[in-house]
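# Per-entry structural report
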2 protein chains.
Amino acid sequence: MELFSVKLIEQAMIRIAPWVHRTPVLTSVSLDRSAGLDLFFKAENFQKTGSFKARGASNAVFRLLEQSKVKNVAVPGIVTHSSGNHGQAVAYAAKCAGLPCCVVVPSDTPDIKCQAIQGYEAELVHCYPSPTGRKETAAQIEQDKRYHLVHPFDDYAVMAGQGTIALELLQQVPDLDAILVPIGGGGMIAGIAVAVKAIKPECKVYAVEPIGKDLGPCLAAKARGWPDPPQFLHTIADSIRTQQTGHLTFPILCSLVESGVFTVSDHQMLEGMSLALTRMKVVVEAASGAAVFAAVHQLKEVDQSVKRAGVILCGGNTGFTPLPQMKLDNNGLLPEAQ
Amino acid sequence: MELFSVKLIEQAMIRIAPWVHRTPVLTSVSLDRSAGLDLFFKAENFQKTGSFKARGASNAVFRLLEQSKVKNVAVPGIVTHSSGNHGQAVAYAAKCAGLPCCVVVPSDTPDIKCQAIQGYEAELVHCYPSPTGRKETAAQIEQDKRYHLVHPFDDYAVMAGQGTIALELLQQVPDLDAILVPIGGGGMIAGIAVAVKAIKPECKVYAVEPIGKDLGPCLAAKARGWPDPPQFLHTIADSIRTQQTGHLTFPILCSLVESGVFTVSDHQMLEGMSLALTRMKVVVEAASGAAVFAAVHQLKEVDQSVKRAGVILCGGNTGFTPLPQMKLDNNGLLPEAQ
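Not measured: the values here are computed from a predicted model.

## Examining the sheet that holds strand β8 (residues 204-210) of chain A
All names here are of chain A.
- Strand order in the open sheet formed by 6 strands is β1-β2-β10-β7-β8-β9, with mixed pairing between adjacent strands. Here the strands that pair on one side only, and so sit at the sheet edges, are β1 (25-26) and β9 (262-264).
- Note: strand β7 (residues 178-182) against β8, 5 bridges, orientation parallel. Paired with Ile179 across the two strands is Val205, which belongs to β8.

So this is what it looks like as structure tokens:
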């Protein structure tokens, strides 16, 4: 843990300021009433590239660029493996930095996600659709092209970038009792936990996970008890379907994150998304829907000491919404029957 | 027109400040690129009650209360006819003012809209589903209960409240060349036009209408050439389906609004809603989708002098979205096939 501290997060805050938004905090009288406490939603769905991942990716890429200038060596390029938010974010950061970028995506990645990555001018490289396939292909590019790998979560520069969410949130709403954070590999919650415990140690940091992750037992045993090779969970929350947390993130979680974990089903995530859509008029992805659901329907029962909670709306990149769809006739008009 | 001036709008701004939000202005690099100009979206979808209507309703209700105090008479209550945004807004304003409220809604109004109005503690009165049915039932309540009618648009206090949108927007973005405003009865655009022409006369005010409204020919002829009795248009934009503009609003439109009108189909509104959802991560209703579509796909071609345009996202109350819907299996999980 000596390698990672709030100082890195404070440096990241300055480094990434030109490239990311200071996102707003949303509130809703009607959700507060449903939850029975005051909720403060950090709207990273409005972040550049549509998710918080722009923070970690920008910090990692621009830190590399700074280091290369000090050493007077060139950065040949950036590589990562992610079909989703991290892939877009690294492509965006590399474009901002003027560096070539390869993003390794599974061969079954939908066109719309590929286009989003290519929109930031990155080169797409397809691989066998498994966690291992992604890693091996990215490692090959690292070796062949001498590109620098920016890992989705197990990298202190990435964690430091994500931790800036908490620095901002605690500036915007200083007196929080707890923060709820959706968890995949654990980069965001590790960064947030380090920032929170340095600034406001009495504020609790809670993880919100999809069913099947089983983070609670791992935290209780302080052991990464997940099956190998790493697997993807079967969940609609595609941005947090990695079952295992990282080798660097897990020890941080064990020491700084509450051992009680909020576990949310796909249906509950959809309900959370729907609450965000109908009550706050914002689009959030399923992982954010999980945090909304936990905050509104689970938090008060689990921890009655919490009166004011932050909720991280981690992203807004979703191909679907839980609202009914309108059917139009061939002229694009509402059918007479309705 | 002597009865209505920017002074009423400035007074409204002060009167309604405790009851409405100063809504943010959203921007999107990617929508600016698509539009070929700089767009500034006034996010009334985040307004109290989910639409700009809270402004006009609050101004009308609290002005009544002020006048009644001066005259030392009681206000028995408030009545209006609207199943939609105006109905919710009047119910909200009456609740804030501590006044009883009746909202007349067509007998075929969906439960969800009735619940929204009842959520603000108003009494619902059902009527025959036609513009005439609504008016007659409301007039009966005016007479029987001596309640005050707050008309959805043909009322200077309501127009003044809606005009505060423009005062705010021009404070937030002073150098606009044009503002695009969805139009139903014309209360919002009349208020906005009066405010804009008083503060920044060179800024154009454009109306955005659903197909079938035919505002352009009426403006050209300076005559309310619509068929009687008034009808509802066949459009998904339920908040602007009134075909006729008002007797008080129409003369203001003739003198202050551009004669070129943007006409938008239901399909195009859905595209506009989808642009708002995917690029800005916000939920807007179909009328707002119309303005987004006109700004992104029509404005540059119609008026090349416009470089910076305001776009009014008038509301976010929608029962549907144009995004594909996710199907889940009986356990609430994503089917294996996907």
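## Thoughts on the packing of helix α3 (residues 53-71) of chain A against helix α4 (residues 85-97) of chain A
Residues and elements named next belong to chain A.
- Relative orientation of the contacting elements α3 and α4 amounts to 40°, with a least axis distance of 8 Å. Considering their axes alone, α3 and α4 lie oblique with respect to each other. Judged by the sense of rotation from one axis to the other, the crossing of α3 with α4 is right-handed. Along the contact surface, α3 presents Lys53, Ala54, Ala57, Ser58, Val61, Phe62 and Leu65, while α4 presents Asn85, His86, Ala89, Val90, Tyr92, Ala93, Ala94, Cys96 and Ala97.
- Of the residues that constitute the contact of α3 with α4, the class distribution is 12 nonpolar, 3 polar and 1 charged.

## Side note on the side chain of Gln244 of chain B
Residues and elements named next belong to chain B.
- With respect to the helices and strands, Gln244 occurs in the loop between α9 (215-221) and α10 (249-256).
- Within the structure, Gln244 has its side chain in polar contact with the side chain of Asp228 (distance 2.8 Å).
- Sequence-distant contacts of Gln244, that is, excluding residues within four places in its chain, are made with Phe153, Gly184, Gly185, Lys213, Arg224, Trp226, Pro227, Asp228 and Pro230.

## Overview of helix α11 (residues 266-279) of chain B
- With 14 residues, α11 of chain B should cover 20 Å at 1.5 Å per step; its first-to-last C-alpha distance of 20 Å lies within 8% of that length.
- Of the residues making up α11 of chain B, those classed as buried are Asp266, Met269, Leu270, Gly272, Met273, Leu275, Ala276 and Leu277 of chain B.
- The inward-facing, buried residues of α11 of chain B contact α11 (266-280) of chain A together with α2 (29-35), β8 (204-210), β9 (262-264) and α12 (286-302) of chain B.
- Positive backbone phi, at 60°, marks Lys281 of chain B, one or two positions downstream of α11 of chain B.

## A short note on the packing of α11 of chain A against helix α12 (residues 286-302) of chain A
Residue and element names in this part refer to chain A.
- α12 packs onto α11 with a crossing angle of 85° between their chain directions and a minimal axis gap of 7 Å. In terms of their interaxial angle, α11 and α12 are classed as roughly perpendicular. Contacts between α11 and α12 involve Gln268, Met269, Glu271, Gly272, Met273 and Leu275 on the former and, on the latter, Ala286, Gly289, Ala290, Val292, Phe293, Val296, His297 and Gln298.
- Within the contact of α11 with α12, the residues separate by chemical class into 8 nonpolar, 5 polar and 1 charged.

## Some details on the environment of Ile14 of chain B
Residues and elements named next belong to chain B.
- With respect to the helices and strands, the residue Ile14 is situated in helix α1 (residues 6-16).
- Judged by its relative accessible area of 68%, Ile14 falls in the exposed class.
- Sequence separation between Ile14 and Thr164 is 150 residues, and the spatial gap between their C-alpha atoms is 9.5 Å.

## A few points about the packing of aromatic side chains
- Taken as a whole and judged by the stated rule, the model has 10 aromatic pairs over all chains.
- Ring geometry for Tyr206 of chain A against Phe262 of chain A: centres 5.2 Å apart, planes inclined by 70°, an arrangement best described as edge-to-face. Note that Tyr206 of chain A is positioned in strand β8 and Phe262 of chain A in strand β9, a separation of 56 residues in sequence.
- Using a relative accessible area of 5% as the deciding quantity, one classes Tyr206 of chain A as buried.
- Between Tyr92 of chain B and Tyr120 of chain B the ring centres are 5.8 Å apart and the planes differ by 75°, which places this aromatic pair in the edge-to-face class. Of the two residues, Tyr92 of chain B is situated in helix α4 (residues 85-97) and Tyr120 of chain B in the loop between α5 (111-119) and β5 (123-127); the sequence distance between them amounts to 28 residues.
- Above the ring of Phe232 of chain A, the side-chain terminus of Arg241 of chain A is found at 4.1 Å from the ring centroid.

## Description of the pattern of salt bridges
All names here are of chain A.
- What the rule picks out here adds up to 22 salt bridges over all chains.
- Across the pair Arg55 and Glu44 runs a salt bridge whose closest N-O atoms are separated by 2.6 Å. Here the residue Arg55 occupies a position in helix α3, and Glu44 occupies one in the loop between β2 (38-43) and α3, the gap between them amounting to 11 residues. You'll find Arg55 and Glu44 in the same group, each marked buried.
- A salt bridge links Lys113 to Asp238, with the shortest nitrogen-to-oxygen separation between them at 2.7 Å. Taken together, the positions of Lys113 in helix α5 (residues 111-118) and Asp238 in the loop between α9 (215-221) and α10 (249-256) put the pair 125 residues apart, joining distant regions of the chain.
- Given a relative accessible area of 23%, Lys113 falls into the partly exposed group.

## Focus: the pairing of β5 of chain B
Residues and elements named next belong to chain B.
- Two elements, strand β4 (residues 101-106) and β5, share 5 bridges in a ladder whose sense is parallel. Within β5, the residue paired with Val105 across the bridge is His126.
- Remark: the β4/α5/β5 crossover connection has right-handed handedness.

## A look at the pairing of strand β4 (residues 101-106) of chain A
Residue and element names in this part refer to chain A.
- In terms of burial, β4 is largely enclosed, as 6 of its 6 residues are buried.
- Side-chain alternation along β4 places Cys101, Val103 and Val105 on one buried face and Cys102, Val104 and Pro106 on a second face that is also buried.
- Judged from the 4 bridges that link them, strand β3 (residues 78-81) and β4 form a sheet pairing that is parallel. Within β4, the residue paired with Thr80 across the bridge is Val103.

## Some remarks on the sheet that holds strand β2 (residues 38-43) of chain B
All names here are of chain B.
- The 6 strands lie next to each other as β1-β2-β10-β7-β8-β9, forming an open sheet whose pairing is mixed. Looking at the sheet topology across the chains shown, the edges are occupied by β1 (25-26) and β9.
- The sheet contact formed by strand β7 (residues 178-182) and strand β10 (residues 308-313) spans 3 bridges and is parallel. Each residue of the ladder has a partner; that of Leu180, found in β10, is Val311.
- Packing against the sheet, helix α8 (residues 187-199) makes contact with β7, β8 and β10, and its axis sits at approximately 170° to β8.

Conventions used here
- Residues numbered from 1 in each chain as written.
- Chains lettered and ligands numbered in written order.
- Predicted model: local features only at pLDDT ≥ 70, side-chain atom pairs only at ≥ 80, totals over all residues.
- Heavy atoms only, no water.
- Pairing = 2+ DSSP bridges.
- Helix = DSSP H or I, 4+ residues; strand = E, 2+ residues; numbered from the N terminus.
- Axes fitted to C-alpha atoms, helices over the stretch in contact; angles between N-to-C directions.
- Parallel < 35°, antiparallel > 145°, perpendicular 65-115°, else oblique.
- Left-handed = near helix turned anticlockwise from the far one by under 90°.
- Contact = heavy atoms within 4.5 Å.
- Nonpolar A, V, L, I, M, F, W, Y, C, P; charged D, E, K, R; others polar.
- Polar contact = N/O pair within 3.5 Å; in protein donor to acceptor, adjacent residues only side chain to side chain.
- Expected span 1.5 Å × (residues − 1).
- Buried < 20%, exposed > 50% of the residue type's maximum accessible area, 1.4 Å probe, protein only.
- Phe/Tyr/Trp six-rings, centres within 6.5 Å; stacked < 30°, edge-to-face > 60°.
- Lys NZ or Arg CZ within 6 Å of the ring centre and 35° of its normal.
- Salt bridge = Lys/Arg side-chain N within 4 Å of Asp/Glu carboxyl O.
- Right-handed = clockwise from strand over helix to strand, strands pointing away.

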